[in-house]
Amino acid sequence: ASVPSTRRERTDDTTARLERESNISSLHELSEDLATAAAAAEAPLTQEALAAAAGAAERLPLDFVLCLGAHSMRDEDLFGGLLPKEGEDREEYMEHLPADAKHVWTCRVGRQPSQARHYVDDEREAAALLAQLGAATRIGQEKEREQAAVQLQLDEAAAASIDGDAVGERAAAAADEQSLRSALECMDEIEEQISGFQLAFFLDYDGTLTPIVENPSEAKLSEEARSVVRALSYRFPTAIVSGRARATAQGLMQLDGLYYAGSHGFDILGPDGSNYKMAESFRPSLEEAKVKLEEQLAHIAGALVEDNNFSVSAHYRMVAEEEREAVNEAVERIVAEMPMLRRTYGKMVYELRPSAEWDKGKAVEWLIENWIKRSCELPVFPIYIGDDVTDEDAFRVMGGLGGFGIIVSDFPRLITDTAASYALRSPLEVLHFLDHFAFSSPSAPPSERISALVAGGSAAESESEASPFVERRTPAERYSER
């Protein structure tokens, strides 16, 4: 009632016009076309195009645009502005839009009349759409990078040999034979392995649930990932096994009901508050090492020292190449002075840990034997997912525990020295894999569910809780409903 009458009349007129003109359709039904358009728009830039882009007077148009909005007049203005009608003057900003209007996609959340051409039903479908689109448009790029890396290795081998062709053929054959298979592509096989067992999931954090970032404090968990892990923990025992301090890992996840193994397993907390700390007596030495490390690295720009409670990390990802050896030498000096500590390696990080024989693998063994087995009627089948060198300790014990490990790597074909059984390419694929177990109906064939997930298409599922990454109804059903 407080809205001025003129504004109400204008809103009513706009709504009536939208009801007459709207031709909105489900974007999920067209997700394959969407992915194709996005991939097709990613043509490589020529040198001339790059030069033009660098020029102050010229700007390249965007290759692809997806505009996703809710129900508001401002969003409607944006939808209309991206898709001008015939005869309307082109605004200055339109020169930056794709030349082909087919590469401009407008989508609203909800089915109300709209200038947008497509819709998704709710925020879950919006998240699913973005995840599928991100996966679809990265596949080609990742394959190209992997092929380039493999080709570089083959070229180097060929250059070092008189019979270069033979060396190249042998190297290529060896790479194919040893390459890890994608866990997403082996879901039928995995389903057979886990039949009759109680699943338990053990997840690294950095590089597994979140992408690797330069500053560790910026590795934030997405709400989408948090909801998947939460749902997973409702169905199966789920643990976060991280090099970070246990309290830090808890703060990043913000989830109760999980097991937390921080500091590479030296500090373990159960969902009921039970706590197990390995090597508590080493804390004074670690505090001293942290102070010394901070003093010795204070003059090196980009060096970060992180206190993980039962380990101390020296991050050098942001350190200039020529200064990284100084970080290495500082860590070496401290280890030489403090034999009760040992040095381990991670991705762009050195870590000081207690010299006790303990690691992520032993922490997982302890968790299963002492806590998880007690609450499970069936034999436990552990699945460990991680991306770092420190996760290899856990991969190595998986076979003895009756489970398997999955390594997260951009280039799984190039990995030859891992104890993992399968691979995933990114935290996004990890999310897809976990989502299968957290949400999907056990009655639907795994291959059908995962193929729909990877392709971004629509697959029919049972009436039970559906995955946010898989469309709940077939295109024909959605069309008949409309």
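Residues numbered from 1 in each chain as written. Predicted model: local features only at pLDDT ≥ 70, side-chain atom pairs only at ≥ 80, totals over all residues. Heavy atoms only, no water.

A.B. asks: Now, about the overall build of the protein: what can you tell me, with residues and values included?
C.D. replies: Looking only at helices and strands, the protein features 16 helices and 17 strands. Counting only residues that meet the buried cut, the protein has 49% of its 482 residues in that class. (Helix = DSSP H or I, 4+ residues; strand = E, 2+ residues; numbered from the N terminus. Buried < 20%, exposed > 50% of the residue type's maximum accessible area, 1.4 Å probe, protein only.)

A.B. asks: Go over the packing of aromatic side chains, please, and point to the residues and values.
C.D. replies: Within the structure shown, the criterion is met by 13 aromatic pairs. Ring geometry for Tyr276 versus Trp366: centroids 4.2 Å apart, planes at 15 degrees, classification stacked. Placement of Tyr276 in strand β10 (residues 275–277) and of Trp366 in helix α12 (residues 360–372) is noted, with a sequence separation of 90 residues between them. Accessibility expressed as a relative area gives 26% for Tyr276, which makes it partly exposed. Looking at Trp366, the relative accessible area reads 18%, which means it is buried. Ring geometry for Phe381 versus Phe404: centroids 5.5 Å apart, planes at 75 degrees, classification edge-to-face. (Phe/Tyr/Trp six-rings, centres within 6.5 Å; stacked < 30°, edge-to-face > 60°.)

A.B. asks: A description of helix α11 (residues 324–337) should follow, citing residues and the corresponding values.
C.D. replies: Between its terminal C-alpha atoms α11 stretches 21 Å, which fits the 20 Å expected from 14 residues at 1.5 Å a residue. Within α11, burial applies to Arg324, Val327, Asn328, Ala330, Val331 and Ile334. Within α11, the buried residues cover an arc of 160 degrees as seen down the axis, which keeps them to one side. Residues of α11 that are buried in the fold lie against α10 (283–297), β12 (312–315), β13 (341–346) and β14 (349–354). (Expected span 1.5 Å × (residues − 1). Arc of directions from axis to C-beta. Contact = heavy atoms within 4.5 Å.)

A.B. asks: Describe the environment of Trp105, with residues and values.
C.D. replies: Its location among the elements puts Trp105 in strand β3 (residues 104–109). According to the relative accessible area criterion, Trp105 is buried, its value standing at 9%. Put simply, Trp105 and Leu66 are 39 residues apart on the chain and 4.8 Å apart in space, counted from C-alpha to C-alpha. Side-chain polar atoms of Trp105 contact the backbone oxygen of Lys102, separated by 3.0 Å. (Polar contact = N/O pair within 3.5 Å; in protein donor to acceptor, adjacent residues only side chain to side chain.)

A.B. asks: Just give me the short version of the side chain of Ser114, but keep the residues and values in it.
C.D. replies: Within the secondary structure, Ser114 is located in the loop between β3 and β4 (118–120). Classification of Ser114 as buried rests on a relative accessible area of 3%. Within the structure, the side chain of Ser114 is placed 2.9 Å from the backbone nitrogen of Ala116, a separation counted as a polar contact.

A.B. asks: Give me the pattern of salt bridges: which residues, what numbers.
C.D. replies: What the rule picks out here adds up to 18 salt bridges. Here Arg283 ties to Asp307 by a salt bridge, and the two come within 3.6 Å at their closest N and O atoms. One end of the pair, Arg283, is in helix α10; the other, Asp307, is in strand β11 (residues 304–307), with 24 residues separating them in the sequence. On the accessibility criterion, Arg283 (13% relative accessible area) is buried. (Salt bridge = Lys/Arg side-chain N within 4 Å of Asp/Glu carboxyl O.)

A.B. asks: Outline empty space enclosed by the protein, supporting the account with residue identities and numerical values.
C.D. replies: One pass over the structure, following the stated rule, counts four cavities of 30 Å³ or more. Forming the boundary of the largest cavity are 24 residues, of which Asp206, Ile212, His315, Val349 and Asp388 lie nearest the centre. Those elements that provide at least two residues to the lining of the largest cavity are β12 and β14. Looking at the lining of the largest cavity, its residues break down into six nonpolar, seven polar and 11 charged. (1 Å grid on protein atoms, 1.4 Å probe; cavity = no way out; pocket = protein on both sides within 12 Å on 5 of 7 lines; lining within 4 Å. Points joined across faces, edges and corners; volume = space filled by probe spheres on them. Nonpolar A, V, L, I, M, F, W, Y, C, P; charged D, E, K, R; others polar.)

A.B. asks: Provide a residue-level description of the sheet that holds strand β17 (residues 422–424), including the pertinent values.
C.D. replies: In spatial order, the strands read β5-β17-β16-β15-β6-β7-β8-β9-β10; together these nine strands make up an open sheet with mixed pairing. In this open sheet, the two strands that pair with only one neighbour each are β5 (181–182) and β10. Relative to strand β8 (residues 259–262), strand β7 (residues 238–241) runs parallel, the two being bridged by three bridges. The partner of Ala239 across the bridge, within β8, is Tyr259. (Pairing = 2+ DSSP bridges.)

A.B. asks: Lay out the pairing of strand β2 (residues 65–69) with the relevant residues and their values.
C.D. replies: What you see with β2 is a clean split: Val65, Cys67 and Gly69 sit on the buried side and Leu66 and Leu68 on the side with no burial. In terms of strand pairing, β2 meets β3 through five bridges, oriented parallel. Bridge pairing links Val65 to Val104 in β3.

A.B. asks: Which residues make up the confidence of the model for the protein, and what values go with them?
C.D. replies: Detailed conclusions should not be drawn from predicted coordinates in areas where pLDDT is low. Here the protein shows a mean pLDDT of 78. Residues at 70 or above account for 68%. Counting contacts from residues 1–11, a segment whose pLDDT is below 50, to residues more than four positions away or on other chains yields two contacts. Ignoring residues within four places in sequence, the model shows residues 443–482, a span with pLDDT below 50, making 93 contacts including any to other chains. (pLDDT = per-residue confidence, 0-100.)

A.B. asks: Go over the pairing of β7 with me, naming the residues and quoting the values.
C.D. replies: Residues Thr238 and Ile240 point to one face of β7 and Ala239 and Val241 to the other, with burial holding for every one of them. Looking at chain direction, strand β6 (residues 198–203) and β7 are connected through three bridges and run parallel. Following the sheet pairing, Phe202 is matched in β7 by Ala239. Taken together, β6, helix α8 (residues 223–235) and β7 constitute a β-α-β crossover, and its handedness is right-handed. Traced from β7 through helix α9 (residues 246–253) to β8, the parallel crossover comes out right-handed. (Right-handed = clockwise from strand over helix to strand, strands pointing away.)

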